[in-house]
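Here are the chains, one letter per residue:
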Amino acid sequence: MNHLKLISPLLLLTAMNYACNSGATDANSKDSTASEIRLVTLDPGHFHAALVQKSMYPGIDSVVHVYAPDGPELQEQLRFIDQYNTRADAPTHWHEEIYKGPDFLEKMVADKKGNVVVMAGNNQRKTEYIQQAVAAGMNVLADKPMAISSAGFEKLQQTFADAKEKKVLLYDIMTERSEITNILQGELSRINEVFGELQKGTEKDPGVVMESVHHFYKYVSGKALKRPSWFFDPEQQGDAIVDVGTHLVDLVQWECFPGVALDYKTDIQLKAARRWPTPVTLSQFSTITGLDSFPSFLQPYAKDTLLNVAANGEATYTLKGVHVKVAALWRYAAPEGGGDTHYALFRGTKSNLVIRQGKEEKYEPTLYVEPVAGNNTPAFETALQEALKQLEAKYPGVGTEKSAKGWKITIPAAYKNGHEAHFAQVMERYLQYLKDGKLPDWEVPNMLAKYYTTTKALEMSKSH
């Protein structure tokens, strides 16, 4: 399977039917099949847990067992599920069986009522949750990040070894691999006539640059998102560099070295890292959380009516000799008509591949091909059009139009299904892996490489 391939809704449904109704061994029974997948949701405190259930999946039991402490986060999760179940267009039919109590983790392990545990919430204990679920012989589909510190990385490393021994699959939710401009950027970077070779760059002028801007105040599934107060605590949510930075580091690995098993001990060298806060007023905090004061655990970051959130981080490092810079940034709210944005630059010897998502792009991710100095020639344009013919065989309708510095890749609206829809595509990949009984050989070493990079960068940023 080409892991860069975008799956259309029809192919997605076909693949899911195949994955879910074919034989595979699960965590609980030697003779069970992938069509008997039973989900468990553990301590859902982030809306990503609900987005996993925005779609129904053939072969997955509609009964989902939820284990969580009682409180507003659980109620928010159930509100999302109810919203999906009662919508007019393609309603879901999930039935949530809920256990709420302080011993929810121990109860989940003892009950073992499912074979795939979905985790998205407070990251302070997530690595521990993963470890406990794997030790119990349960597969895990975890939202990022799976580790937010160097100590967590060490624990995660052991947990992957335990998962191999237990024959269960531990996988993180990398939705950005399903975004069409990321996919096409990776595809074009492997067409020598257009891109040439990836430039190694320097620490000051890296070969690869990725930057993501997210917003505290946002809408999810059509409604203003209510965030838990711990989301603003780096000890619980994690600093930006180990949170959203996970997606950026993953995309660099996935696009630049597809199918290559990386060794974090030899392939990655951290060069520099820094972190800085985003100020959030008490009024803004109240709008997002519904609370009228900062809780005690946020007092170290508060001064009067201002909260300095550990929301920005950047790191420079080399990956197999290529200089990379990643930056994860947070602001209070997006400009009118805007949303979260992504910027990505790949420097090639023949052209640069750039994703922009600013006002000029109407805040939609847009991929540009920009020839390097001296290469903006008729021959290059011919090579680009030939490359587009190759891509159109896999992605019908993809084309080009002239832009200020070269060409913009035009992409049919059908491919722009949005962040929320990407969770179903991640689930499809995971179902295929469950059917296969294994992840691709490169996935585990590259997850380790990814979390080594983010946690080491955080450690470095704190030492300066």
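Preceding this paragraph is the structure being described.
What counts, and where the lines are drawn
Residues numbered from 1 in each chain as written. Predicted model: local features only at pLDDT ≥ 70, side-chain atom pairs only at ≥ 80, totals over all residues. Heavy atoms only, no water. Helix = DSSP H or I, 4+ residues; strand = E, 2+ residues; numbered from the N terminus. Rg over C-alpha atoms; globule rule 2.2 N^0.38 Å. Buried < 20%, exposed > 50% of the residue type's maximum accessible area, 1.4 Å probe, protein only. Contact = heavy atoms within 4.5 Å. Areas by Shrake-Rupley, 256 points an atom, 1.4 Å probe, with all protein chains shown as cover. Lys, Arg positive; Asp, Glu negative; His and termini not counted. Charge placed at Lys NZ, Arg CZ, Asp CG, Glu CD. Salt bridge = Lys/Arg side-chain N within 4 Å of Asp/Glu carboxyl O. 1 Å grid on protein atoms, 1.4 Å probe; cavity = no way out; pocket = protein on both sides within 12 Å on 5 of 7 lines; lining within 4 Å. Points joined across faces, edges and corners; volume = space filled by probe spheres on them. Nonpolar A, V, L, I, M, F, W, Y, C, P; charged D, E, K, R; others polar. Phe/Tyr/Trp six-rings, centres within 6.5 Å; stacked < 30°, edge-to-face > 60°. Arc of directions from axis to C-beta. Axes fitted to C-alpha atoms, helices over the stretch in contact; angles between N-to-C directions. Parallel < 35°, antiparallel > 145°, perpendicular 65-115°, else oblique. Left-handed = near helix turned anticlockwise from the far one by under 90°. Expected span 1.5 Å × (residues − 1). Pairing = 2+ DSSP bridges.

A.B. asks: Honestly, the overall build of the chain in this entry has me stumped. Any pointers?
C.D. replies: Scanning the chain from terminus to terminus reveals 14 helices and 18 strands. Scaling as 2.2 N^0.38, a compact globule of 464 residues should have a C-alpha radius of gyration of about 23 Å, and the chain matches this with 22 Å. Taking the principal axes of its C-alpha atoms as reference, the chain extends roughly 65 × 60 × 50 Å. Going through the 464 residues of the chain one by one, you find that 55% of them count as buried. Look at the contacts in the chain between residues 6 or more apart in sequence, and 75% of them connect residues 24 or more apart. For the chain, the accessible surface area stands at approximately 19,300 Å², while carbon and sulfur atoms represent 52% of it. Side-chain charges of the chain comprise 50 positive and 56 negative groups, with the mean position of each set lying 3 Å from the other.

A.B. asks: What am I meant to see in the pattern of salt bridges here?
C.D. replies: Proximity of charged atoms lets side chains of opposite charge pair with each other. Following the criterion strictly, the structure yields 23 salt bridges and no others. Lys218 is the partner of Asp340 in a salt bridge, and the nearest nitrogen-oxygen pair spans 2.8 Å. Pair noted here: Asp340 is in the loop between β13 (322-333) and β14 (341-347) and Lys218 is in the loop between β7 (208-217) and β8 (219-220), with a separation of 122 residues, a long-range link. Residue Lys218 is classed as buried on the basis of its relative accessible area of 17%. We note a salt bridge from Glu314 to Lys325, for which the minimum N-O separation is 3.7 Å. With Glu314 in strand β12 (residues 306-319) and Lys325 in strand β13, this residue pair connects regions lying eleven residues apart in the sequence. The class of Lys325 is partly exposed, set by a relative accessible area of 29%. Among the charged side chains, a salt-bridge network with shared partners connects Asp172, Arg177, Asp250, Glu443 and Lys450.

A.B. asks: Just to check I follow, could you spell out the layout of surface pockets for this structure?
C.D. replies: The probe, sized like a water molecule, is rolled over the atoms to show the empty space still left. The calculated volume of the largest pocket comes to roughly 1,100 Å³. If you trace the largest pocket, you find 45 residues lining it, with Lys218, Gly339, Asp340, Gln357 and His419 closest to the centre. Of all elements in the fold, only α2 (47-51), α7 (180-188), β7, β8, α9 (245-256), β13 and β14 reach the threshold of two or more residues within the lining of the largest pocket. The greatest single-element share of the lining of the largest pocket, amounting to four residues, is contributed by β7. Volume-wise, the second largest pocket comes out at about 390 Å³. If one sorts the elements of the lining of the second largest pocket by residue count, helix α6 (residues 150-166) sits on top with four residues. Looking at the lining of the second largest pocket, its residues break down into nine nonpolar, one polar and four charged.

A.B. asks: Even after reading the chapter, I still don't get the packing of aromatic side chains, so can you show me in this structure?
C.D. replies: Aromatic rings in a pair are described by how distant their centres are and how their planes are angled relative to each other. Taken as a whole, this structure holds 20 aromatic pairs when the rule is applied. Plain terms: the ring middles of Tyr57 and Trp94 are 6.5 Å apart, the flat faces sit at 50° to each other, and that makes the pair tilted. Taken together, the positions of Tyr57 in the loop between α2 and β2 (63-68) and Trp94 in the loop between α3 (72-86) and β3 (95-100) put the pair 37 residues apart, joining distant regions of the chain. The two residues Tyr57 and Trp94 agree in class, both being buried.

A.B. asks: Honestly, helix α4 (residues 104-111) in this entry has me stumped. Any pointers?
C.D. replies: For an α-helix, the turn length of 3.6 residues means that residues three or four places apart are oriented alike. Where α4 is concerned, the buried positions are Phe104, Leu105 and Met108. Projected onto a plane normal to the axis of α4, the buried residues spread over an arc of 105° and lie on a single side. Next to the buried residues of α4 lie β1 (39-42), β2, β3, β4 (116-119) and α5 (126-135). Where α4 terminates, the next one or two residues include Lys112, which has phi positive at roughly 50°.

A.B. asks: Any chance you could explain the packing of α6 against helix α14 (residues 443-462) here in plain terms?
C.D. replies: Working note: a packed helix pair is described by the angle between its axes plus the distance between those axes. Interaxial distance between α6 and α14 falls to 9 Å at its minimum, and their mutual angle equals 170°. Taken together, the axis directions place α6 and α14 in an arrangement best described as roughly antiparallel. You can see that α6 and α14 cross each other, and the crossing is left-handed. Contacts from Ser150, Phe153, Leu156, Gln157 and Phe160 of α6 reach α14 at Val444, Met447, Leu448, Tyr451, Tyr452, Thr455 and Glu459.

A.B. asks: Honestly, α14 in this entry has me stumped. Any pointers?
C.D. replies: Compared with an ideal rise of 1.5 Å per residue, which puts 20 residues at 28 Å, α14 spans 29 Å between its outermost C-alpha atoms and is within 8% of the ideal. Within α14, 15 of the 20 residues are buried, which leaves it mostly tucked inside the rest of the structure.

A.B. asks: I keep staring at the packing of α9 against α14 and nothing clicks. Help me out?
C.D. replies: Contact pair α9 / α14: the axes reach a minimum separation of 9 Å and the direction vectors enclose 130°. Looking at the two axes, α9 sits oblique to α14. Remark: the crossing between α9 and α14 carries right-handed chirality. Contact residues: Gly245, Thr246, Val249, Asp250 and Gln253 in α9; Asn446, Ala449, Lys450, Tyr451, Thr453 and Thr454 in α14. Grouping the amino acids of the contact of α9 with α14 by side-chain chemistry returns three nonpolar, six polar and two charged.

A.B. asks: Which parts of the structure should I look at to understand the pairing of strand β17 (residues 399-402)?
C.D. replies: Along a regular strand, successive side chains alternate from one face of the sheet to the other. Here β17 runs beside strand β18 (residues 407-410); their pairing, made up of four bridges, is antiparallel. Considered in β18, the bridge of Gly399 is made with Thr410. Between β17 and β18, which follow one another and run antiparallel, lie four residues.

Don't take any of this as a statement about function, it's just geometry.
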